[in-house]
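# Analysis of the macromolecular model
Here's the letter readout for the chains.
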Amino acid sequence: MSAVSSRLPDFPWDKLEPYKATAAAHPDGIVDLSVGTPVDPVPALIQRALIAAADSPGYPTVWGTAALRDALTGWTERRLGARGVTHANVLPVVGSKELVAWLPTQLGLGAGDRVAHPRLAYPTYEVGARLCGAEPVPYDDPTELDPAGLKLLWLNSPSNPTGQVLDRDELTRIVAWAREHGVLVFSDECYLELGWEAEPVSVLHPDICGGTYEGIVAVHSLSKRSNLAGYRAAFLAGDAAVLEELRHIRRHSGMMTPAPVQAATVAALGDDAHVQEQRERYAARRAALRGALEAHGFRIEHSEASLYLWSTRDEPCWDTVAHLAELGILVAPGDVYGPAGERHVRVALTATDERIGAAVKRLR
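Residues numbered from 1 in each chain as written. Predicted model: local features only at pLDDT ≥ 70, side-chain atom pairs only at ≥ 80, totals over all residues. Heavy atoms only, no water.

## Some thoughts on the nonpolar core
The following threshold applies: What is meant by a nonpolar core is a set of buried Ala, Val, Leu, Ile, Met, Phe, Trp, Tyr and Cys residues, joined one to another through side-chain atoms within 4.5 Å. Partly exposed describes any residue whose relative accessible area lies between the buried limit of under 20% and the exposed limit of over 50%, with all areas from a 1.4 Å probe on protein chains only and scaled to the type maximum. Numbering of helices and strands runs from the N terminus, with a helix taken as a DSSP run of H or I at least four residues long and a strand as a DSSP run of E at least two residues long.
Grouped together as the largest cluster of nonpolar side chains are 57 residues, with contacts concentrated most on Leu33, Trp154, Phe186, Leu236 and Leu289. With five residues, helix α12 (residues 353-363) is the single largest residue contributor to this core. With 44 residues, the next largest nonpolar core counts Leu171, Val183, Ile216 and Ala237 among its residues.

Shown next as structure tokens:
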């Protein structure tokens, strides 16, 4: 048996375990700012929707209920400014990480094909390419790539890990280049509702795509905006032909969003109040952490959006990880996101107010 896992890098978080043990030994306990997992409660209206749909003995459909598709199209038009979105332009998925990891395989890519992703990036873009035997290609500016053999281009704005936002002119230029060369664009926009010093824009906005979704698909998740990481609720919106192909493949492979999660998604996308409340929590944590990090000698770069502070003390990232672990604070080493991050760490805002307060106190 050939081990598919041999194509993959080491699981990045395993290397953090010794530092996690050091941080956990702090007399006041660990402050874990390494993984961007929500810690605040799931909003009550979403919980009620999930419970009301709990009696779901039958199989759900891959495409989801008509109510879910209505919610997806409505939110895409209302929040992203997209126009003319129909049910054919949306598809629910079982969490965005599953989609990122298996998309190249579902698109039929393999040896000889190339998958491009930002040089500093969520590691699963590379994992998805390696799982199907394609070549992962990091970039600084995708329009400088050789388009030969390039089948899939990942965009990520706001960026994980840096929080950098691509502006309208950049997105328009990239989409036009990709269309000119027949390169399919998937835009990971999971942090779009968490802009702080910039207003993120979707590739589905008519200013970017010119009113047509040909060759572009946006990826959205409810994990961060609605504290639903545990629900695995995400969706795609864009090119109907691409989504129809994916829907057929996912029907055969049983990739179905559970019916109660579909109902919870409808409730979550129909309510903006809980999103604003969560934004305010993160904004307060961000301000407190940023001030404490800067006072401690860190420089914050980019970070104009998302749930992270891209931070550096101008030293190797693992030295920074070790230093903070001695203070009982665990952060993510920048080289997890590519060699270009070797002198940065990613500091997540996803801890309780009490734990954020503890980190601020220790840093100061």
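## A look at the packing of aromatic side chains
Quick note on the threshold: Two rings from Phe, Tyr or Trp (for Trp, the six-membered ring) form a pair when their centres sit within 6.5 Å of each other. Planes less than 30 degrees apart are called stacked, planes more than 60 degrees apart edge-to-face, and all others tilted. Whether a charge sits over a ring comes down to the Lys NZ or Arg CZ being within 6 Å of the ring centre and within 35 degrees of the ring normal.
Enumeration over the complete set of coordinates arrives at seven aromatic pairs. Ring plane angle 65 degrees and centroid distance 5.7 Å describe the contact between Trp154 and Phe186, whose orientation is recorded as edge-to-face. With Trp154 in strand β5 (residues 150-156) and Phe186 in strand β6 (residues 184-188), this pair connects stretches of sequence that are 32 residues apart. Note on accessibility: Trp154 and Phe186 belong to one class, buried. For the pair Trp310 and Tyr337, a centre-to-centre distance of 6.4 Å together with 80 degrees between the ring planes defines the contact as edge-to-face. Highlighted residues: Trp310 in strand β10 (residues 308-312) and Tyr337 in the loop between β12 (332-333) and β13 (345-348), separated in sequence by 27 residues. Take Trp310: its relative accessible area is 2%, and that puts it in the buried class. A cation over a ring is seen here: Arg247 above Trp63, with NZ or CZ 4.4 Å from the ring centre. Here Arg313 stacks its cationic end above the ring of Phe298, 5.8 Å away from the centre of that ring.

## Remarks on the environment of Glu135
In plain terms, the rule: Here, residues are in contact when the closest pair of their heavy atoms is within 4.5 Å.
With respect to the secondary-structure elements, Glu135 resides in strand β4 (residues 135-139). For the pair Glu135 and Gly81, spaced 54 residues apart in sequence, the C-alpha to C-alpha distance is 34 Å. Other than its neighbours up to four places away in sequence, Glu135 contacts Asp113, Arg114, Val115 and Ala129.

## What about the sheet that holds β10?
Heads up, the rule is: The criterion for strand pairing is that DSSP finds at least two bridges linking the strands in question.
The four strands are arranged β9-β10-β13-β12 in an open sheet whose pairing can be described as antiparallel. Looking at the sheet topology across the chains shown, the edges are occupied by β9 (299-301) and β12.

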